[in-house]
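Geometric and topological summary
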Amino acid sequence: MDKYTLCAEDFSLDNQELLLGETLFHNANGYLGVRGCFEEGYPQGFSQVRGTYINGFYDFAYMGQAEKLHGLVEEKQTILNVADTQTITLKLEGETFSMFEGTVMKSRRVLDMRKGITLREIWWESPGGRQVRIKITRMASFVDTSLFLVRYELEPLNFDGTAELVSAHIGDVKNFFDPNDPRVAGEEIQHILIGETWEDGGASYILSNTSKSGKTVCSAVKNAAEEPEQVEAHGLSLEKGLARETFRVKLVRRKCFRLLKYTVLCDSCHFADPAGQAKEKLEALTAQPAKALYEGQERYLDAFWDTCEIDVYGDGELNRALTYNVYQLLQSVTKDRYGNIAAKGLSGEGYEGHYFWDTEMYILPFFTLTNREIARNLIGYRYQILENARENARQMGHKQGALYPWRTIMGSECSGYFPSGTAAYHISGDVAYSVVAYYLASGDLEFMEQCGAEIVVETARLWMDLGCWYQGKFHINEVTGPDEYTCMVNNNYYTNALAKYNLIWAAKLYGRLKEAGKADGLAERTGLTDGEAEAFVKTAEAVFLPYDEELGINPQDDSFLQKKLWDVSAIPEEDKPLLLHHHPLELYRYQVCKQADTVLAHFILEEEEDLETIRKSYAYYEKVTTHDSSLSSCIFSIMAARLGMVEKAYGYFGDSAKMDLYNAHKNTKDGIHTANMGGSYMGIVYGFGGLRIREQGLSLRPCLPKQWEGYHFRFLYEDSVIEVRISRETCAVTLLRGTEKEIVIYDRPYVLRDRIEIPMEQGAGE
Ligand code: BGC
């Protein structure tokens, strides 16, 4: 089996495994996502998250605060479960198909990442002895992202007779909730209100409204037998919010019957006329042969895999996990600027479909290096909500600047618990960092002129307003860094270092635009002057970065080292993650980290410190980090590789790469961990490959774990496509397209014209 195929043979019917399978085998395309539930459902008493989601489509929900302090957020946005169109039931001569009855002779579930489909195939014997093969193929189209297509194939193996298939379109749906888990919605709310249900041209349409946000969504479903002569009778019945189409089919032994079920979704965040456009699309899509739709999907994916080639040799399982992660990033990411990429993509309701800093620091790097258009969309989304970020800053008492919401869908803040929400001001620095990273990798000054520079200037202004001068240094107080087990601190190293970078780059981008005669728009829109840009630089130079002489490390913040140490090595399994078993205040009073914080700062802003400080800090933080956040192990892997600890890097990398496929955090049922997936990509490219794209240019510092034979990856740099191939003996860098480039490998400069091949260095990075 190649790395593009994920297959579960004779899969378990245990409820927890089914929930996991719903996530792992979900279909998505960046616009819509459908969980991989069984078409026919589960038995009574089984839990399932039978969800279909649209990226960026939301309702508002009340989020009560026990104490109504000024400025606390009382309304959040939530992603919506929209119409269920995956339901299809089957009866064979009156016997209802269910994997939980009769005998499953054989079964498999497959995800094919080159074809962009999933399938479930079952060889089943009914209690009455009728044997059938059922094969269900699902596709969320990348070509027309409104389309979700199901193909239901039925082959009687030992009988002739009749089958009855009922294909349902169910508008009356609710979101999943769990009052005991802070990571999903806590209560049951009716967000979707059915408006109209109608039939048109043999298709059913349901138009629904959201309860509070004033949005609408139209779902359109059309069923079509591939060989209509096999259908003896069929009929569509409609009631409010529910359409059922019944097919009575003549079955002939060993002859397949195939039903195509087309779903088109259009919502009012993306479409001006959801019902009209759903109809137009459905008609156009059903008019072409299904084969063309499947071929289009394959072509799209051929192009995708070509630009982001990444391969590890010598560990098939790990390679598949990495491929899976990259594929999930594509499935999850918006293809326009109305959405972004949610922490769980479109695979589940964990974190309610919210967008976090995960996008900028963990996922954008992948797209910046492989797909500029998507990278620009993600940054473009932040530009679209810049006004919200300005308002958010005012709400928080800042006279100037933009504070991006910690979690959001349409731009306003959704975090209920501000200490590890709104207080995470670093998100504004993260957004600015990602804009600069895009600029450094692409050289796209025009995009900076259009929107990038404005984001960087407005976030820089936030730091100017937030910080204060004390004894000649610029301090940033009462913020939360990436580590959510340490909240509301002064001078969080990560935040301060990023603020410094943000300030410097606001001035630099302004300078570069001025030089190119392109700064007028920025100056006009923001009122930025030379004087203000100079103040940014002066302040940046004075930003306080905590350093402890005795330990030779950067403390995470001013008070971190004063706290008691938590013995992380002694945490019992049942106590993990700590956040579900300890009061936040208890956690805050200890030196215990949920995730990489200073270590992440050292990765992204390495120039700030000498290697010795970075090394000692790594060792220090490793002892107090639980990796309870999925955003952690990939960063420890990258930095271990940077510091020459290749074995360690390999260990952390495995944790990251296989996290969802092995359900390592035990919550993949709520959705995939998209940030970690981006992190595992970074683990190869930035970690083992040692790629860096900084102002000084491009550099590599490759190393190779002893368990592998080699690896390769491709990336975009300025106008070029570059491939890096690592084997035990050599590091080969090839210019696949574009113009020659300067590149530093193991600290030595080269000019890449065609290809450079040099020997691998042992202990690279040490
Ligand atoms: C992490 C955050 C992250 C969020 C969403 C939390 O567990 O601590 O850093 O943004 O999950 O993925």
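This one's a predicted model, so the numbers in the text were calculated from it and none came from an experiment.

1. Observations regarding the UniProt feature "domain: Glycoside hydrolase family 65 C-terminal" (unreviewed entry) in the protein chain
Here the UniProt-annotated "domain: Glycoside hydrolase family 65 C-terminal" (unreviewed entry) positions come out as residues 691-752. Taken end to end, residues 691-752 has its terminal C-alpha atoms 15 Å apart, with 0% of it in helix and 66% in strand.

2. Some remarks on the sheet that holds strand S9 (residues 103-112)
Read across the open sheet, the 9 strands follow the order S1-S9-S10-S11-S12-S19-S16-S15-S14; overall the sheet is antiparallel. Unpaired on one side and paired on the other, strand S1 (5-9) and strand S14 (192-200) mark the two borders of the sheet. Strand after strand, the sheet turns through a mean of 15° between neighbouring axes, direction not considered. For strand S15 (residues 203-210) and strand S16 (residues 216-225), the ladder comprises 6 bridges, and the chain directions are antiparallel.

3. Re the sheet that holds strand S25 (residues 692-694)
Spatial ordering of the open sheet is given by S25-S26-S30-S31, a layout of 4 strands whose pairing is mixed. At either margin of the open sheet sits one strand with a lone partner, and together these are S25 and strand S31 (748-752). Put simply, the sheet's adjacent strands are angled 30° from each other on average, direction ignored. Judged from the 5 bridges that link them, strand S30 (residues 741-745) and S31 form a sheet pairing that is antiparallel. Following the sheet pairing, glutamate 742 is matched in S31 by valine 751.

4. With respect to the nonpolar core
One broad trend across soluble globular proteins is that nonpolar side chains are buried collectively. Grouped together as the largest cluster of nonpolar side chains are 235 residues, with contacts concentrated most on Trp357, Tyr362, Ile635, Ile684, Phe688 and Trp708. The dominant element in this core, judged by the number of residues it contributes, is helix H10 (residues 493-515), at 13 residues. Three or more residues apiece are contributed to this core by two domains, here domain 1 (5-279) and domain 2 (298-362 + 627-766). Look past the residues within four positions of tryptophan 708 in its chain and what remains in contact with it is Val312, Tyr313, Asp315, Leu318, Tyr650, Phe653, Ile684, Phe688 and Arg728. If you look at the next biggest cluster of nonpolar residues, it comprises 10 residues, including Cys487, Ile571, Leu587 and Val592.

5. Considering the side chain of threonine 539
Note that threonine 539 resides in helix H12 (residues 530-542). Excluding residues within four positions of it along the chain, threonine 539 makes contact with Met464, Trp469, Phe474 and Leu503.

Rules used throughout
Residues numbered from 1 in each chain as written. Predicted model: local features only at pLDDT ≥ 70, side-chain atom pairs only at ≥ 80, totals over all residues. Heavy atoms only, no water. UniProt positions renumbered as here; feature names shortened; annotations may be inferred. Helix = DSSP H or I, 4+ residues; strand = E, 2+ residues; numbered from the N terminus. Pairing = 2+ DSSP bridges. Axes fitted to C-alpha atoms, helices over the stretch in contact; angles between N-to-C directions. Core = buried A, V, L, I, M, F, W, Y, C linked by side-chain atoms within 4.5 Å. Buried < 20%, exposed > 50% of the residue type's maximum accessible area, 1.4 Å probe, protein only. Domains from an automatic or database assignment. Contact = heavy atoms within 4.5 Å.

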